[in-house]
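Here's the letter readout for the chains.
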Amino acid sequence: MARPFMLKTQPPLRPALARLADASNVWAIALLVVGVALLAWSAQLSIPIQPVPITLQSYVLISLAALMGWQFGGLTVAIYLLAGLMGLPVFSGGRSGLAMLTGTSGGFVVGFLVTTLLVGWLQETWARLRPLPLFGVLALGHLVLMVMGAGWLATKMGPVFALEKGFLPFLPGAAVKTVAALATVIAMERLAGTPRQQ
């Protein structure tokens, strides 16, 4: 009998920082601390426009998501968010507290975790470090983050205001940061010895 046609499925990619975290608990804790610190630091590098500042954070966010994968990356971002919501000044402008969830940046705060899970999962299961698919995944991550942020802002200020102040100003920076994240992820994976994916 002829064998039924079967699709070949590639095994999930294990990103470089996830593999390093697998090596020992010490590495895992160290990477969590560094990841949270990078997110907090990048939030302070901002253009203070109103009502939501433009920061370097989305570049760090999507880069970490692709390098850590959805599970380890999701854990890192969840710890970062928890620290900020509990009062540590890790959000943009040194802000913190539960009020961040109901303020004008609330959509972006929630979007951090959603974006990380999405980018990490798609990198592991589909993009798998291939440049063009990875670029698409990183761009999608940026888009999801911006739509969630602007969508929440629209409930506060109206859709026109949200589009003009919470979406369009972020587009040029998002394009540049997506390209930078792509270069960062590929360079880091190459340095880690990740083989080229098919």
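Our subject is the structure that appears above.
The model shown is predicted, which means the values in this text are computed figures rather than measured ones.

Enquirer: Please provide a residue-by-residue account of the side chain of Thr178, values included.
Expert: Here Thr178 shows up in helix 8 (residues 171-191). The exposure class of Thr178 is buried, given its relative accessible area of 4%. Within the structure, the side chain of Thr178 is placed 2.7 Å from the backbone oxygen of Ala174, a separation counted as a polar contact. Dropping the residues within four chain positions of it, Thr178 is found in contact with Ile62, Phe135, Leu138, Ala139 and His142.

Enquirer: Quick rundown of helix 5 (residues 106-127)? Include the residues and the values.
Expert: Under the 1.5 Å per step criterion, the end-to-end length of helix 5 is 29 Å for 22 residues, consistent within 8% with the ideal 32 Å. Along helix 5, the helix axis deviates most sharply at Phe112, where the bend reaches about 30 degrees. Phi turns positive one or two residues past the end of helix 5, at Arg128, with a value near 50 degrees.

Enquirer: I'd like a rundown of the nonpolar core, residues and numbers included.
Expert: With 47 residues, the main nonpolar core has Tyr80, Leu134 and Leu138 as its most contacted residues. Of all the secondary-structure elements, those providing two or more residues to this core are helix 1 (16-23), helix 2 (25-44), helix 3 (57-85), helix 5, helix 6 (131-157) and helix 8. It is helix 3 that provides the largest number of residues to this core, a total of 13 residues. If we ignore the near neighbours within four places in the chain, the residues touching Leu138 are Ile62, Ala66, Val119, Thr178, Ala181 and Leu182.

Enquirer: Talk me through the environment of Gly107; I want residue IDs and the actual numbers.
Expert: Tracing the backbone shows Gly107 in helix 5. Residue Gly107 is classed as buried on the basis of its relative accessible area, which comes to 6%. C-alpha of Gly107 to C-alpha of Leu145: the two residues are 38 residues apart in sequence and 8.0 Å apart in space. Excluding residues within four positions of it along the chain, Gly107 makes contact with Met148, Gly149 and Trp152.

Rules used throughout
- Residues numbered from 1 in each chain as written.
- Predicted model: local features only at pLDDT ≥ 70, side-chain atom pairs only at ≥ 80, totals over all residues.
- Heavy atoms only, no water.
- Helix = DSSP H or I, 4+ residues; strand = E, 2+ residues; numbered from the N terminus.
- Buried < 20%, exposed > 50% of the residue type's maximum accessible area, 1.4 Å probe, protein only.
- Polar contact = N/O pair within 3.5 Å; in protein donor to acceptor, adjacent residues only side chain to side chain.
- Contact = heavy atoms within 4.5 Å.
- Expected span 1.5 Å × (residues − 1).
- Bend = angle between axes of the 7 residues up to and from the residue.
- Core = buried A, V, L, I, M, F, W, Y, C linked by side-chain atoms within 4.5 Å.

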